[in-house]
Amino acid sequence: MRPLVLAALLIAAPAGAAVTVIGGTAARLCYEAADSPFSPTAETLAACDRALAAEPLAPRDVVATPVNRGILRVRGGDLAGGQADFDAAVGQDASVGEAW
């Protein structure tokens, strides 16, 4: 059912609802890219990947960064990748509404 809902949302409006991340890190760059109206680039997705792989993230940012990367992936046409990121965020904290 969730893929159908995701597809319906994509038709209705571009992906949005980025989750704020504090600091001047790759996680922050990932948030800013997700919050912007522009299409994602390889560099913005790489910032998200760096944040998740190598940065010491606050617990909130451990959840927020996959949501932001998911937004970028969906906006770039990678629905499966975006869904995987949203599922990972929900697995960390099911109360994060942006991941649903």
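That block above? That's the structure.
Reference entry: report on the structure contained in this document.

Each value, and the rule that gives it
Residues numbered from 1 in each chain as written. Predicted model: local features only at pLDDT ≥ 70, side-chain atom pairs only at ≥ 80, totals over all residues. Heavy atoms only, no water. Helix = DSSP H or I, 4+ residues; strand = E, 2+ residues; numbered from the N terminus. Buried < 20%, exposed > 50% of the residue type's maximum accessible area, 1.4 Å probe, protein only. Contact = heavy atoms within 4.5 Å. Salt bridge = Lys/Arg side-chain N within 4 Å of Asp/Glu carboxyl O. Core = buried A, V, L, I, M, F, W, Y, C linked by side-chain atoms within 4.5 Å. Expected span 1.5 Å × (residues − 1).

On to the overall build of the protein, then. Along the backbone of the protein there are five helices and zero strands. Moving toward the C terminus, one meets the helices and strands of the protein in the order α-α-α-α-α. In the protein, buried positions account for 37% of the 100 residues. Residue pairs in contact within the protein that sit at least 24 positions apart in sequence constitute 62% of those at least 6 positions apart.

With that settled, consider the pattern of salt bridges. Applying the stated rule across the entire model yields four salt bridges. In this structure, R69 engages D85 in a salt bridge whose closest nitrogen and oxygen atoms are separated by 2.7 Å. Remark: D85 occurs in helix α5 (residues 79–92) and R69 occurs in helix α4 (residues 59–75); sequence separation between them is 16 residues. Assigned by exposure class, R69 and D85 land together as buried.

Another point: the nonpolar core. In this structure, A18, A34, V67, I71, L72 and F86 are the most contacted members of the largest nonpolar core, which totals 13 residues. Per element, the largest residue contribution to this core is five residues, and it comes from α4. In this structure L72 touches C30, A33, A34, P40, T44, L45 and C48, once residues within four positions along its chain are discounted. Formed by five residues, the second largest nonpolar core is a distinct cluster that contains A26, A27, A51 and L57.

Below, the discussion takes up α5. With 14 residues, α5 should cover 20 Å at 1.5 Å per step; its first-to-last C-alpha distance of 20 Å lies within 8% of that length. Listing the buried residues of α5 in full gives G81, G82, Q83, D85, F86, A89 and V90.

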